[in-house]
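# Coordinate inspection notes
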Amino acid sequence: MLKIGDLFVIHQLHRDGWSIAAIARHMGLDRKTVRKYLNAGLQAPVYGPRAPRPRRLDPYRDYLKARVQAHPELSAMRLLREIRAMGYEGGRTAVTDYLQQVRPAVERGYEHRFETPPGQQGQADFAHFKVTFAREPQQVRVVWLFTLVLGEDADGGIIYHPVMRDLGAHYGFVPRACAPYRAKTKGKVERPFR
């Protein structure tokens, strides 16, 4: 198949008075090919779909699909080790890309949001900021912020230090730890300091 630019050249040479034989010699084509493109006019060539090339991962696709459907929690690295033991010589990216296509979707549970009246529960967090003060505009300082917002939640079942329990008994509160980096479990303190 010729490129569209070559088609233009063939037609331009023909308009300039070149013979089909001269155009064929100049372009390195057969005269019948030149005649065919002149008769077809200036139309972009139509290419069919390419046949897929064989990939190194092809012999292992069925295995990977079966493994990940039976055990969706398997990591790509583990499956990569398994097929390498079977003879796979390709890269990791091909495996991870394929697993994204065939891994079953994980149903995520909903997150329970709760609201509490003030004074019933405490959510605490630390945050740090880089700031400059008006008196020293050239000096950047790190300021640490401790936040405590009160609210309510169910009892957690975590073992706390006895001093913390004594403090809670004295002041009338029960400590409950939230998972780190889970802003949704302590949104009242995370939200103001985004």
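These notes cover the structure that comes with them. All figures in this text were calculated on a predicted structure; none of them were measured in a lab.

## What to know about the pattern of salt bridges
Scanning the model with the defined rule gives 4 salt bridges in all. Among the salt bridges present, the one from R67 reaches E82, with a minimum N-O distance of 2.8 Å. In this pair, R67 is assigned in helix 4 (residues 61-70) and E82 in helix 5 (residues 76-85), connecting sequence segments 15 residues apart. Judged on exposure class, the residue R67 and its partner E82 are both buried. A salt bridge links E136 to R141, with the shortest nitrogen-to-oxygen separation between them at 2.9 Å. With a relative accessible area of 33%, E136 lands in the partly exposed category. What makes R141 partly exposed here is its relative accessible area of 33%.

## Comments concerning the packing of aromatic side chains
Here the structure, examined in full by the defined rule, presents 1 aromatic pair. Both rings, one in Y60 and one in Y88, keep their centres 5.5 Å apart while their planes meet at 75°; by these two values the pair is edge-to-face. Of this pair, Y60 sits in the loop between helix 3 (31-40) and helix 4 while Y88 sits in the loop between helix 5 and helix 6 (92-102), placing them 28 residues apart in sequence. An identical accessibility class is assigned to Y60 and Y88; each is buried.

## A few points about the nonpolar core
By size, the foremost hydrophobic cluster in this structure holds 14 residues, and its most contacted members are L57, L64, L79, I83, Y88, V95 and L99. Put simply, the parts of the chain that give this core at least two residues each are helix 4, helix 5 and helix 6. Excluding residues within four positions of it along the chain, L99 makes contact with L64, V68, A76 and L79. In this structure, L7, I10, I23 and L38 belong to the second largest nonpolar core, which totals 9 residues.

## Side note on helix 6
Quick reminder: α-helices carry 3.6 residues per turn. Residues three or four places apart thus point the same way. Among the residues making up helix 6, those that are buried are V95, Y98, L99 and V102. The buried residues of helix 6 occupy an angular sector of 100° when projected down its axis, which confines them to one face. For helix 6, the exposed residues set more than 90 degrees away from the buried face come down to Q100 and Q101.

## Considering the packing of helix 5 against helix 6
Their axes nearest at 10 Å, the elements helix 5 and helix 6 cross at an angle of 120°. Taken together, the axes of helix 5 and helix 6 are oblique relative to one another. In this structure, the crossing between helix 5 and helix 6 has a hand that is right-handed. Facing A76, M77, L79, L80, I83 and R84 of helix 5, the residues of helix 6 in contact are R92, V95, T96 and L99. Partitioning the contact of helix 5 with helix 6 into residue classes produces 7 nonpolar, 1 polar and 2 charged.

## Regarding the environment of L2
Inspection of the secondary structure assignment puts L2 in the segment before helix 1 (4-15). Considered as a pair, L2 and T33 are 31 residues apart in the sequence and their alpha carbons are 9.9 Å apart.

## A word on helix 1
In a regular helix each residue adds 1.5 Å, so 12 residues correspond to 16 Å; helix 1 covers 17 Å between its end C-alpha atoms and thus fits that length. Every buried residue of helix 1 is accounted for by L7, I10, H11 and L13. Down the axis of helix 1, the sector holding all buried residues measures 160°, keeping them to one side. Buried residues along helix 1 sit in contact with helix 2 (20-27) and helix 3. Positioned one or two residues after helix 1, G17 has a phi angle of 100°, which is positive.

Reading the values: rules and limits
- Residues numbered from 1 in each chain as written.
- Predicted model: local features only at pLDDT ≥ 70, side-chain atom pairs only at ≥ 80, totals over all residues.
- Heavy atoms only, no water.
- Salt bridge = Lys/Arg side-chain N within 4 Å of Asp/Glu carboxyl O.
- Helix = DSSP H or I, 4+ residues; strand = E, 2+ residues; numbered from the N terminus.
- Buried < 20%, exposed > 50% of the residue type's maximum accessible area, 1.4 Å probe, protein only.
- Phe/Tyr/Trp six-rings, centres within 6.5 Å; stacked < 30°, edge-to-face > 60°.
- Core = buried A, V, L, I, M, F, W, Y, C linked by side-chain atoms within 4.5 Å.
- Contact = heavy atoms within 4.5 Å.
- Arc of directions from axis to C-beta.
- Axes fitted to C-alpha atoms, helices over the stretch in contact; angles between N-to-C directions.
- Parallel < 35°, antiparallel > 145°, perpendicular 65-115°, else oblique.
- Left-handed = near helix turned anticlockwise from the far one by under 90°.
- Nonpolar A, V, L, I, M, F, W, Y, C, P; charged D, E, K, R; others polar.
- Expected span 1.5 Å × (residues − 1).

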